[in-house]
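Now for the letters of each chain:
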Amino acid sequence: MEKRDERWINYFGGLAAALTEENYSDIQVKPGNGPSIPAHKFLLATRSEVFKYMLSSDTCKTAQIDSVCLPEFNHEELEAFLEFLYCGNLVKEKFEMHYYSLALASHKYGIPHLQNFCEEYILKLLDTSNALKVLEISEICSNETLKVAALESIFNHTNEIIGLPSFKEFAIQNPHLVLLIIRCSFTQF
């Protein structure tokens, strides 16, 4: 089993090297701000049906597309996103820094492996400091598992969470989620 795992790591290591060394890149991926990152159309298309459609559409065929803009990312977030697409994994620290944008991108671009990865690791990260953010992610991504876990965390630490400075901003930006929290609190979630 270990030899097989080692072979997979070596196999994906070649893809990671292609990203970092920019070997045979054929597209530039532009973040909302910062420099673009060279990538490979085949990899984007194989990891996401959305990218596959974008890169194979008639407009792309008539004018050879050499760049794609993903404005929802800053440069660091885009690096983490591409690293995940190439390697299928991220180091814990990098994931913790960018879990919000990665979770949203996994949903927007329809990347099941990233969706599963995000769900698993967000559940491990869930605490009072990020329960509201996780609830917001769960709503945007229609993830019932994250929603239930976030609501449980909120109910178990209501006074602490409501006292956070970020709660007021959350309430202003997400009144529908505040209403959900209130409704669930009355139904003994």
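Residues numbered from 1 in each chain as written. Predicted model: local features only at pLDDT ≥ 70, side-chain atom pairs only at ≥ 80, totals over all residues. Heavy atoms only, no water.

For the protein chain, the name recorded in an unreviewed UniProt entry is BTB domain-containing protein, with Papaver nudicaule as its organism. Checking UniProt for the protein chain, the heading Function (unreviewed entry) contains the comment "May act as a substrate-specific adapter of an E3 ubiquitin-protein ligase complex (CUL3-RBX1-BTB) which mediates the ubiquitination and subsequent proteasomal degradation of target proteins." Looking at the protein chain in UniProt, the text filed under Pathway (unreviewed entry) is "Protein modification; protein ubiquitination." (UniProt positions renumbered as here; feature names shortened; annotations may be inferred.)

Draft legend 1. Just the overall build of the protein chain, in detail. Assigned secondary structure in the protein chain consists of 12 helices and three strands. Going through the 189 residues of the protein chain one by one, you find that 39% of them count as buried. Contacts spanning at least 24 positions in sequence make up 61% of the contacts within the protein chain whose residues lie at least 6 apart. Carbon and sulfur atoms make up 55% of the accessible area of the protein chain, which totals about 11,200 Å². (Helix = DSSP H or I, 4+ residues; strand = E, 2+ residues; numbered from the N terminus. Buried < 20%, exposed > 50% of the residue type's maximum accessible area, 1.4 Å probe, protein only. Contact = heavy atoms within 4.5 Å. Areas by Shrake-Rupley, 256 points an atom, 1.4 Å probe, with all protein chains shown as cover.)

Draft legend 2. Spotlight on the pattern of salt bridges. Tallied over the full model, the rule gives five salt bridges. The shortest N-O distance in the salt bridge between Glu72 and Lys108 comes to 3.3 Å. Of this pair, Glu72 sits in strand β3 (residues 67-74) while Lys108 sits in helix α6 (residues 92-108), placing them 36 residues apart in sequence. On the basis of relative accessible area, Glu72 is assigned to the partly exposed category, the value being 32%. By relative accessible area, Lys108 is classed as partly exposed at 47%. Across the salt bridge formed by Glu139 and Lys147, the nearest N and O atoms sit 3.1 Å from each other. (Salt bridge = Lys/Arg side-chain N within 4 Å of Asp/Glu carboxyl O.)

Draft legend 3. Quick peek at the side chain of Glu77. Note that Glu77 resides in helix α5 (residues 75-87). For Glu77, which is buried and forms no salt bridge, the nearest opposite charge comes from Lys133, at a distance of 8.3 Å. Residues within four places of Glu77 in sequence aside, it is in contact with Glu72, His98 and Ser101. (Lys, Arg positive; Asp, Glu negative; His and termini not counted.)

Draft legend 4. Expanded view of the packing of helix α8 (residues 131-140) against helix α9 (residues 144-156). Following both chains from N to C, one finds α8 and α9 inclined at 155°, their axes separated by 8 Å at the closest point. It follows that α8 is roughly antiparallel to α9 by the angle criterion. You can see that α8 and α9 cross each other, and the crossing is left-handed. Touching Ala131, Leu132, Val134, Leu135, Ile137, Ser138 and Glu139 of α8 are Leu146, Lys147, Ala150, Leu151, Ser153 and Ile154, all from α9. (Axes fitted to C-alpha atoms, helices over the stretch in contact; angles between N-to-C directions. Parallel < 35°, antiparallel > 145°, perpendicular 65-115°, else oblique. Left-handed = near helix turned anticlockwise from the far one by under 90°.)

Draft legend 5. Focus on the side chain of Ser138. Its place among the elements puts Ser138 in helix α8. Ser138 gets classed as buried once you look at its relative accessible area, which sits at 0%. Within the local environment of Ser138, its side chain forms a polar contact with the backbone oxygen of Leu135, the two atoms lying 2.6 Å apart. Once residues within four sequence positions are removed from consideration, Ser138 is found in contact with Asn143, Leu146 and Lys147. (Polar contact = N/O pair within 3.5 Å; in protein donor to acceptor, adjacent residues only side chain to side chain.)

Draft legend 6. Looking closely at α5. The end-to-end C-alpha distance of α5 is 18 Å, a good match for the 18 Å that 13 residues give at a rise of 1.5 Å each. Here α5 has its buried residues at Glu77, Leu78, Ala80, Phe81, Leu82, Phe84, Leu85 and Tyr86. Regarding α5, its N-cap is Asn74, as a side-chain oxygen of that residue lies 3.0 Å from the backbone nitrogen of Glu76 further along. Looking one or two residues past α5, Gly88 carries a phi angle of roughly 75°, positive in sign. (Expected span 1.5 Å × (residues − 1).)

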